[in-house]
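# Understanding the architecture of this molecule
Each chain, letter by letter, is given below.
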Amino acid sequence: MFEAARISPSILSADFMHLADEIDDIERAGADLVHIDVMDGHFVPNLTIGVPLLNQIARSAHIPLDVHLMIDNPLVQLPWYLAASPDYVTIHWEALGGRTEALEASALIRSAGVHAGIALRPDTPTSVLEGIYDAWDMVLVMSVQPGFSGQAFMPASIDRVEQVVRAARQEGACPRIQVDGGISAETAALVGAVGADVLVAGNAVFKAADRAQAIDSIRGAANNARTSVS
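In short, a report on the structure. (Residues numbered from 1 in each chain as written. Predicted model: local features only at pLDDT ≥ 70, side-chain atom pairs only at ≥ 80, totals over all residues. Heavy atoms only, no water.)

### A word on the overall build of the protein chain
Looking only at helices and strands, the protein chain has 8 helices and 8 strands in total. Here the protein chain has a C-alpha radius of gyration of 16 Å; the compact-globule value for 230 residues is 17 Å, and the two agree. Taking all 230 residues of the protein chain together, the buried fraction comes to 55%. Considering only intrachain contacts with a sequence separation of at least 6, the fraction spanning at least 24 residues in the protein chain is 68%. Accessible area for the protein chain stands at about 9,400 Å²; split by element, carbon and sulfur atoms hold 51% of it. The averaged location of the 28 negative side-chain charges in the protein chain is 3 Å from the averaged location of its 14 positive side-chain charges. (Helix = DSSP H or I, 4+ residues; strand = E, 2+ residues; numbered from the N terminus. Rg over C-alpha atoms; globule rule 2.2 N^0.38 Å. Buried < 20%, exposed > 50% of the residue type's maximum accessible area, 1.4 Å probe, protein only. Contact = heavy atoms within 4.5 Å. Areas by Shrake-Rupley, 256 points an atom, 1.4 Å probe, with all protein chains shown as cover. Lys, Arg positive; Asp, Glu negative; His and termini not counted. Charge placed at Lys NZ, Arg CZ, Asp CG, Glu CD.)

### Concerning the pairing of strand S8 (residues 198-201)
Side-chain alternation along S8 places Val198 and Val200 on one buried face and Leu199 and Ala201 on a second face that is also buried. Relative to S8, strand S1 (residues 6-9) runs parallel, the two sharing 4 bridges. Bridge pairing links arginine 6 to valine 198 in S8. Where strand S7 (residues 176-180) lies against S8, 3 bridges are found, and the strand directions are parallel. Counterpart to aspartate 180 in the pairing with S8 is valine 200. Between S7 and its parallel partner S8, the chain crosses via helix H6 (residues 185-192), and the hand of that crossover is right-handed. (Pairing = 2+ DSSP bridges. Right-handed = clockwise from strand over helix to strand, strands pointing away.)

### Focus on the nonpolar core
Ile11, Ile36, Leu129, Trp136 and Leu199 are the most contacted members of the largest nonpolar core, which has 67 residues in total. The element best represented in this core is helix H5 (residues 157-170), accounting for 6 residues. With residues up to four places along the chain from it excluded, the contact list for leucine 129 reads Trp93, Arg99, Ile118, Leu120, Trp136, Val139 and Glu171. Listed in part, the 5 residues of the second largest apolar core include Met39, Phe43, Met70 and Ala95. (Core = buried A, V, L, I, M, F, W, Y, C linked by side-chain atoms within 4.5 Å.)

### Here we look at the side chain of serine 10
Inspection of the secondary structure assignment puts serine 10 in the loop between S1 and helix H1 (19-28). Leaving out residues up to four positions away in the same chain, serine 10 has contacts with His35, Asp37, Val200, Ala201, Gly202 and Phe206.

The analysis is restricted to geometry; functional conclusions fall outside its scope.
Encoded structure:
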């Protein structure tokens, strides 16, 4: 019924003084993607990674790049990030001016040979995507307010994931469903059971004594929960 879960550790929780080593480590630990949180200090109250660092990561990483743009003016800035040839680029609905701009952004991302993702803040109705699910290769349901790592998972996110999955399937679309914020083995099971198949984990991976075990536990919890409802 659902895709097998993929784990995308967020380097926002990594040691930036040793970032290349940190990415190598999660690759060896079994991560499926590298989640890169780009924040501009305007769309969210934090400033993180920009284009020069993304380009360096792209040259050294050996697993797909999962770029999450939390920025204003995404239509202007998208070409900068697409030039790094990541696997996924996800933009925020709230940074766009409605459906016309959202579809324009999706077309721009896909024209670069990159998978297009759309993200929703916790307070954005999932209904905004109704009728345009086929424009997206991934839908990111934020389970915390975007901007800072280490926040607690919002339980209301479970229903929101289920709403997205149901609406997309009703339209005949099958985007990957990503959840970002407060992901652990426990919360992975909760969202995995309702259809999430890409899980972003920051502290749960990077702060773990055994990162391979942490990744396996999160992936296993999601897959087991999914199997129980399939």
